[in-house]
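Analysis of the macromolecular model
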Amino acid sequence: GINAEYGFLRTASFVSEHNHTTFAYSQGMDDEDVRHKLHQMVSFIKKEAEEKASEIRVKAQEEFSIEKQKLSQAEKMKIMKDYERKEKQVEVQKKMYEQSPLNITNTTLLNNFE
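Residues numbered from 1 in each chain as written. Predicted model: local features only at pLDDT ≥ 70, side-chain atom pairs only at ≥ 80, totals over all residues. Heavy atoms only, no water.

Quick notes on the overall build of the chain
Counting secondary structure elements, the chain contains three helices and two strands. In the chain, buried positions account for 8% of the 114 residues. Excluding contacts between residues fewer than 6 apart, the proportion of contacts in the chain whose partners are at least 24 apart in sequence is 24%. (Helix = DSSP H or I, 4+ residues; strand = E, 2+ residues; numbered from the N terminus. Buried < 20%, exposed > 50% of the residue type's maximum accessible area, 1.4 Å probe, protein only. Contact = heavy atoms within 4.5 Å.)

Some remarks on the pattern of salt bridges
Opposite charge on two side chains lets them pair, provided their charged atoms get close. Tallied over the full model, the rule gives five salt bridges. Here Glu63 and Lys59 are joined by a salt bridge, their closest N and O atoms 3.9 Å apart. Taken as a pair, Glu63 and Lys59 lie in helix α2 (residues 31–99) at a separation of four residues, close to a single helical turn. Owing to a relative accessible area of 47%, Glu63 belongs among the partly exposed residues under this scheme. Judged by its relative accessible area of 49%, Lys59 is partly exposed. (Salt bridge = Lys/Arg side-chain N within 4 Å of Asp/Glu carboxyl O.)

Some thoughts on a negative patch on the surface
Together, Glu84, Glu87, Glu91 and Glu98 line one region of the surface with negative charge. Mapped onto the elements, Glu87 comes out in helix α2. On the basis of relative accessible area, Glu87 is assigned to the partly exposed category, the value being 42%. (Patch = residues over 30% accessible without salt bridge, like charges linked within 9 Å, V, L, I, M, F, W, Y side chains within 5 Å. Areas by Shrake-Rupley, 256 points an atom, 1.4 Å probe, with all protein chains shown as cover. Lys, Arg positive; Asp, Glu negative; His and termini not counted. Charge placed at Lys NZ, Arg CZ, Asp CG, Glu CD.)

As for the confidence of the model for the chain
For the chain, the average pLDDT comes to 78, and 64% of its residues sit at 70 or higher. By mean pLDDT, the top-scoring element of the chain is α2 (94), and the lowest-scoring one is strand β1 (residues 12–17) (41). Counted against residues more than four places away or in other chains, residues 1–26, with its pLDDT under 50, gives 33 contacts. (pLDDT = per-residue confidence, 0-100.)

Quick look at the structure:
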C-alpha cells in the first residue's frame, strides 16, 4: 500500500534553511532521490484523485439515469390513468346517450323505417 511504498516519509524531518524548506532523511537520500520520490508521490496522489473523480462521475450519471427513469415512468402512469379515466367517461356518456328517451325514439323510428 501507500505506507509501504512511501515509508521513507516516516523518517523525514523538516529543516528550514535560509527561507527554503529541505528534507533531511536518516536513510541518506540526496536531493535527486528526494525529488524523484516526491514526484512519484504526487503522480500517485493525482492518479488516485482522477480515478476517484471518475468513479464519482460514473455514479452520479447512474443515479441521474435511475431518477430520470423513475420520473418518466411516474409520468407515463399518470398519463395512462388519465386516459383510462377519460375512456370511462366516454363509455358512460355513450351509455347515457343510448338510454336517453330521445335516442330510443330515434332508434325505434329508424327501425320502423327500414
